Amino acid sequence: MNMIECSGVSKRYRRSWALRGCTLAIPGGRVVALVGPNGAGKTTLLHLTVGLLAPTAGRISVLGGEHPGSPAALDGIGFVAQDTPLYQNLPVAGMLQLTRNLNRRWDQQLAEARLAELHIPLDRKVGKLSGGQQAQLALTLALARHPQLLVLDEPLAMLDPLARYDFMASVMAAVADEAVTVVLSSHALAELERVADYLIVLTRGQVQVAGEVEQLLATHRTLTGPASHVPDDAQRLRVVHAGGGQAQAHLLVRTDQPGQPPPDGWQSHRVSLEELVLAYLREPGAAALPGPSARAIQNSGIPA
């Protein structure tokens, strides 16, 4: 079952398009990394998913066909918004009670047990908690609803490295215990590489690449060779990003034939998730090109 399906989804704010023609099918049981620069449309896509916005064009469904914002969708989706907005003057127990009163599904025992394990006092005001504790409280409020889909919008942005690690450990424990699907928007590529098994790169409101991390890494590689020329058989490759110096060139390429030998005179290297993401962020639109990206090669100064 697909947890999220988008078909030609676009969203416009007045004269500006935040999303254009977004088409996705995200299967269940995945930890999905949603990556892109500020203003790429990530938060807009997540808000469409949870029903806070309606698309200007196209269709979106969640949880195998439910309409975002419907009672069934609201029951099955947990959402932690950017900057974990919480009522700062309420005690932690008050946040639990408020959330319980606003939701049809709620597990008070799970919430209290989880906060006790994290040493977060129920009588302490939310505003007196550390940034990491507030993030864990927001996550607890989402998990206590036993969601099928957990949507996290930049939850790591304000956290220190230890708090980031603890937060992601909690998310992965939920994935293991309840088989929840997670969609995580973040700039923390190192954290995402550790946990994600599905990747979506979004720039300028458009999907650049999407798919299983293992498959994407298998079909991308870096070619290193002389900068004097692009390989003669480069037509079978899709150049996502080209760089290098006067003597040596580096091409990050995508091929439909994993394991194929590199062109004569060139060496092939595996890519990391971070290298792959950065290449698509540097070259928006490269994924749509049928052959080598002329712009990528031209920008690198490598003779074609």
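None of the values given here were measured: they were computed from a predicted structure. (Residues numbered from 1 in each chain as written. Predicted model: local features only at pLDDT ≥ 70, side-chain atom pairs only at ≥ 80, totals over all residues. Heavy atoms only, no water.)

A. Summary view of the packing of helix α4 (residues 108-117) against helix α5 (residues 131-143). It is at 9 Å that the axes of α4 and α5 come closest, and there the two elements cross at 155°. By the angle class used here, α4 and α5 are roughly antiparallel. When you trace α4 past α5, the crossing you get is right-handed. Residue-level inspection shows Leu-110, Ala-111, Arg-114 and Leu-115 of α4 in contact with α5, the latter providing Gln-136, Leu-137, Leu-139, Thr-140 and Leu-143. Its residues assigned to classes, the contact of α4 with α5 shows six nonpolar, two polar and one charged. (Axes fitted to C-alpha atoms, helices over the stretch in contact; angles between N-to-C directions. Helix = DSSP H or I, 4+ residues; strand = E, 2+ residues; numbered from the N terminus. Parallel < 35°, antiparallel > 145°, perpendicular 65-115°, else oblique. Left-handed = near helix turned anticlockwise from the far one by under 90°. Contact = heavy atoms within 4.5 Å. Nonpolar A, V, L, I, M, F, W, Y, C, P; charged D, E, K, R; others polar.)

B. Structural view of the confidence of the model for the protein chain. Residue-level pLDDT values for the protein chain average 87, and 89% of them are 70 or greater. Mean pLDDT per element in the protein chain: helix α10 (residues 294-300) is the minimum at 43, and strand β4 (residues 57-62) is the maximum at 97. In this model, residues 288-304 is a region of pLDDT below 50 whose contacts with residues beyond four sequence positions or in other chains number 39 contacts. (pLDDT = per-residue confidence, 0-100.)

C. Region of interest: the sheet that holds strand β5 (residues 77-80). If you trace the six strands from one edge of the open sheet to the other, you get β5-β6-β7-β3-β8-β9, paired in mixed fashion. Strands with a single pairing partner mark the edges of an open sheet, and in this sheet they are β5 and β9 (206-212). Direction aside, the axes of adjacent strands within the sheet are offset by 15° on average. As defined by bridge partners, strand β8 (residues 198-203) adjoins β9 across six bridges and the pair is classed as antiparallel. Residue pairing in the sheet places Val-201 in a bridge with Val-209 of β9. Its contacts with the sheet place α5 against β5 and β6 (149-153), and it is angled at close to 165° to β5. Running over the sheet, helix α6 (residues 161-178) touches β3 (31-35), β6 and β7 (181-185) and is turned about 155° from β7. (Pairing = 2+ DSSP bridges.)

D. Just the pattern of salt bridges, in detail. Under the counting rule described, the total for this entry stands at three salt bridges. Residue Glu-212 pairs with Arg-30 through a salt bridge whose shortest N-O separation is 3.1 Å. Residue Glu-212 is found in strand β9, and its partner Arg-30 is found in the loop between β2 (16-27) and β3; the two are separated by 182 residues along the sequence. For Glu-212, a relative accessible area of 37% translates into the label partly exposed. The salt bridge partner of Arg-104 is Asp-75, with a shortest N-O separation of 2.4 Å. (Salt bridge = Lys/Arg side-chain N within 4 Å of Asp/Glu carboxyl O. Buried < 20%, exposed > 50% of the residue type's maximum accessible area, 1.4 Å probe, protein only.)

E. The arrangement of unusual backbone geometry in detail. Of note, Leu-63 is a non-glycine position whose phi angle comes to about 55°, a positive value. Here Leu-63 shows up in the loop between β4 and α2 (71-76). One non-glycine residue, His-119, adopts positive backbone phi at about 60°. Position of His-119 among the secondary structure elements: in the loop between α4 and α5. Judged by relative accessible area, which is 66%, His-119 ranks as exposed.

F. Highlighting the state of the cysteines. If you walk through the whole model with that rule in mind, you get zero disulfides. Note on Cys-22: no disulfide assigned, nearest cysteine sulfur contributed by Cys-6 at a separation of 4.6 Å. (Disulfide = S-S within 2.5 Å.)

G. Region of interest: the side chain of Asp-75. Its place among the elements puts Asp-75 in helix α2. Among all residues touching Asp-75, those that are not within four sequence positions of it are Arg-104, Arg-105 and Arg-145.

H. Fine view of the sheet that holds strand β10 (residues 220-226). One open sheet holds the four strands; their spatial order is β11-β12-β10-β13, and the pairing between them is antiparallel. What marks the edges here is a single partner per strand, and that holds for β11 (238-244) and β13 (267-270). Taking the axes of each pair of neighbouring strands and ignoring which way they run, one obtains an average angle of 25° across the sheet. The pairing of β10 with β13 spans four bridges and is classified as antiparallel. The residue of β13 that forms the bridge with Thr-224 is Gln-267.

I. Spatial organisation of the packing of α5 against α6. Two elements in contact, α5 and α6, have axes separated by 10 Å at closest approach and are oriented at 10°. By the criterion of interaxial angle, the relationship of α5 to α6 is roughly parallel. Crossing hand, α5 versus α6: right-handed. On α6, the residues that touch Gly-132, Ala-135, Gln-136, Leu-139 and Leu-143 of α5 are Ala-163, Asp-166, Phe-167, Ser-170, Val-171 and Ala-174. Partitioned by chemical class, the residues of the contact of α5 with α6 number seven nonpolar, three polar and one charged.

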